[in-house]
Amino acid sequence: MDANFFDLSDDTPVYVISVAAQLSGLHPQTLRQYDRLGLVSPGRTAGRGRLYSTRDIVMLREVQRLSQEEGINLAGIKRILVLETENLHMREEISRLRGEMTMIRALIQYQLPPA
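Counting starts from 1 at the beginning of each chain's written sequence and moves along it residue by residue. Where local features are concerned, this predicted model is filtered to residues with pLDDT of at least 70; where side-chain atom pairs are given and counted, the filter is 80 or more; whole-chain, interface and lining totals use all residues. Here the side-chain values reflect all heavy atoms present in the structure, with hydrogen atoms and water set aside.

Some details on the packing of helix α1 (residues 17-24) against helix α3 (residues 54-68)
The criterion, for reference: Convention adopted: a line fitted to C-alpha atoms gives each axis, helices being fitted over their contacting stretch, and angles between N-to-C directions are expressed from 0 to 180 degrees. Counting from the N terminus, the helices are the DSSP runs of H or I reaching at least four residues and the strands are the DSSP runs of E reaching at least two. Small angles under 35 degrees read as roughly parallel and large ones over 145 as roughly antiparallel, with 65 to 115 read as roughly perpendicular and the rest as oblique. Left-handed describes a crossing whose near helix is turned anticlockwise from the far helix by less than a right angle; the clockwise case is right-handed. Should any heavy atoms of two residues lie within 4.5 Å, those residues are considered in contact. When residue character is reported, Ala, Val, Leu, Ile, Met, Phe, Trp, Tyr, Cys and Pro are called nonpolar, Asp, Glu, Lys and Arg charged, and the others, Gly included, polar.
Two numbers describe how α1 lies on α3: the axes approach to 9 Å, and their chain directions differ by 50°. Judged on the interaxial angle alone, α3 and α1 are oblique. You can see that α1 and α3 cross each other, and the crossing is right-handed. Along its contact with α1, which presents A20, L23 and S24, the element α3 presents I57, L60 and R61. Residue composition of the contact of α1 with α3, by class: four nonpolar, one polar and one charged.

Looking at the pattern of salt bridges
Spelled out, the test is: Salt-bridge detection follows one rule: a side-chain nitrogen of Lys or Arg within 4 Å of a carboxyl oxygen of Asp or Glu. Burial classes follow relative accessibility: with a 1.4 Å probe on protein chains only, a residue under 20% of its type's maximum area counts as buried, one over 50% as exposed, and anything between as partly exposed.
Evaluated as defined, the whole model comprises seven salt bridges. As a salt-bridge pair, R55 and D11 come within 2.4 Å of each other at their nearest N and O atoms. Taken together, the positions of R55 in helix α3 and D11 in the segment before β1 (15-16) put the pair 44 residues apart, joining distant regions of the chain. Overall, R55 belongs to the partly exposed group, its relative accessible area being 45%. Overall, the relative accessible area of 46% leaves D11 in the partly exposed class.

Concerning helix α2 (residues 28-37)
Worth spelling out the cut-off: It is the directions from the helix axis to the C-beta atoms whose arc is reported.
Along α2, the residues classified as buried are L31, Y34 and D35. The buried residues of α2 occupy an angular sector of 100° when projected down its axis, which confines them to one face. Residues of α2 that are buried make contact with α1, β2 (43-44), β3 (50-52), α3 and α4 (74-111). Phi turns positive, to about 80°, at G38, one or two residues after α2.

Here we look at the side chain of S24
In plain terms, the rule: Pairing of N or O atoms within 3.5 Å defines a polar contact, subject to two protein rules: one partner must be a possible hydrogen donor and the other a possible acceptor, and residues neighboring in sequence count only if both atoms are side-chain atoms.
Along the chain, S24 falls in helix α1. Reaching out from S24, the side chain makes a polar contact with the backbone oxygen of A21 at a distance of 3.2 Å. Residues in contact with S24, not counting those within four places in the same chain, are L31, I57, L60 and R61.

Here's the deal with the UniProt feature "domain: HTH merR-type" (unreviewed entry) in the protein
The cut-off we apply is this: UniProt positions are given in the numbering used here, feature names are shortened, and annotations may be inferred rather than shown by experiment.
UniProt records the feature "domain: HTH merR-type" (unreviewed entry) at residues 14-83, using the numbering of this structure. Structurally, residues 14-83 is divided into 61% helix and 10% strand, and its ends, taken at the C-alpha atoms, are 27 Å apart.

Some thoughts on the nonpolar core
Worth spelling out the cut-off: Here, the term nonpolar core denotes a set of buried Ala, Val, Leu, Ile, Met, Phe, Trp, Tyr and Cys residues that are joined through side-chain atoms within 4.5 Å.
If you look at the biggest cluster of nonpolar residues, it comprises 15 residues, and the most contacted ones within it are L31, Y34, L39, Y52, L60, V63 and I77. Taken together, the elements giving at least two residues each to this core come down to α1, α2, α3 and α4. Ranked by residues supplied to this core, first place goes to α3 with four residues.

In structure tokens:
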């Protein structure tokens, strides 16, 4: 057996809906509703059953917190999640571009004759 077989990331879908419901403290029907609304998108089995990752469980808990503690409706929560994802992607792009700028500056410095 491959040594990496059991190396699961937080994004690996492993929990069936009943287990995900228990871990998140939500009813399975609530998980189905969140999936339909696009708030949390679990993986799928070959038979189209839902499989949730650890990251999905964390997201389910955050959706519930925003709803219950902050009083935000599901449409608002969806918008927040979209904006947070966009923000993360922009931060990653900024980091990548900063790395490119550093490399370009180093190349320019290397090619310029000493003053």
